[in-house]
Amino acid sequence: MLKLILRYGVIAGLIVGTAMGITTSLMADNPPPMWVGMLIGYTSMLVALSFVFVGVKRHRDEALGGVIGFWPALGMGLAISLVAGVLYALAWEVTLAVTGLDYGAVWTKHMVEEARAAGKSAAEIAKIEADMAVFAAEYRNPLYRLPMTFLEITPVAALVSLATAAILRNPRVLPAR
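Quick summary incoming for the structure in this document.

## Some details on the nonpolar core
(1) Moving on: If you look at the biggest cluster of nonpolar residues, it comprises 32 residues, and the most contacted ones within it are Leu49, Val56 and Ile80.
(2) Moving on: When contributions to this core are tallied by element, the ones reaching two or more residues are helix H1 (2-27), helix H2 (34-62), helix H3 (70-99), helix H5 (122-139) and helix H6 (142-168).
(3) Moving on: Examining the composition of this core, we find that 10 residues originate from one element, H3, more than from any other.
(4) Moving on: Once residues within four sequence positions are removed from consideration, Val56 is found in contact with Ile68, Ala73, Met76, Gly77, Ile80, Thr164 and Leu168.

This is the structure we're talking about:
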């Protein structure tokens with residue numbers, strides 16, 4: 001089982017990390033609107049985390065005779081997701097190092113522009129700028145940034161793992177051949 005967890009976790013992590021690295025590298029000089037980046041990012045997470053389903057199904061079919069309970073399926077899905085999440089966070093570190101991108105500054109600019117577009121007062125904008133300056137400074141620290149990056153993929157991974165466990169606990173769904 002550990003071999004499957006590592007195999008499918010690494011595949012998922014490489015897919016999502018590579019997609020993020022390529023997208024960020026191509027768009028570093030001319031970033032698109034934040035919603036476009038988020039759409040691309042979360043879509044690549046879903047595609048990559050489809051390997052949670054593949055790994056759990058393979059384990060169910062080959063090692064367990066076509067039957068797996070909800071909790072073992074969820075545990076295996078979360079384990080695959082953990083491996084993928086670690087690789088995702090490491091890929092972000094590599095991407096930042098290669099591109100030289102100051103993501104804290106990019107996010108600060110976005111938040112200030114959003115506040116101005118929403119018609120916030122000068123005092124509110126100044127408060128946002130001050131808060132974001134603290135964030136940008138903290139984000140330069142990898143010990144702060146790594147867990148934050150890992151947490152980006154966590155909700156998607158948890159949902160995919162839950163859905164996988166709920167679906168594959170039924171042996172009649174995609175039965176072993």
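## Side note on the environment of Ala133
(1) Moving on: Tracing the sequence through the fold places Ala133 in helix H5.
(2) Moving on: The spacing of Ala133 and Met148 is 15 residues in sequence and 17 Å in space, taken between C-alpha atoms.

## Regarding helix H4 (residues 103-117)
(1) Moving on: Here H4 contains 15 residues, and its C-alpha end-to-end distance of 21 Å stays within 8% of the 21 Å for a straight helix at 1.5 Å per residue.
(2) Moving on: Listed in full, the buried residues belonging to H4 are Gly104, Thr108, Val112 and Ala115. Within H4, the buried residues cover an arc of 65° as seen down the axis, which keeps them to one side. Pointing more than 90 degrees away from the buried face of H4 are the exposed residues Lys109 and Ala117.
(3) Moving on: Taken together, the buried residues of H4 touch H5.
(4) Moving on: Of the residues flanking the end of H4, it is Gly119, one or two places downstream, whose phi is positive at about 80°.

Rules behind the numbers
As a convention, each chain's residues are numbered from 1 in the sequence order in which they are written. Side-chain atom pairs in this predicted model are given and counted only at pLDDT of 80 or more, local residue features only at pLDDT of at least 70, and totals for whole chains, interfaces and linings cover all residues. Processing note: side-chain calculations cover all non-hydrogen atoms of the structure and skip hydrogens and water entirely. Definition used in this section: a nonpolar core is a set of buried Ala, Val, Leu, Ile, Met, Phe, Trp, Tyr and Cys residues joined via side-chain atoms within 4.5 Å. Accessibility here uses a 1.4 Å probe with only protein chains present; expressed as a share of the type maximum, an area under 20% marks a residue as buried, one over 50% as exposed, and anything in between as partly exposed. The secondary structure listing takes helices from DSSP runs of H or I that are at least 4 residues long and strands from runs of E that are at least 2 residues long, numbered from the N terminus. Any two residues whose heavy atoms approach within 4.5 Å are treated as being in contact. Expected helix span is taken as 1.5 Å per residue step, with the number of steps being one fewer than the number of residues. As used here, the arc belongs to the directions running from the helix axis to the C-beta atoms.

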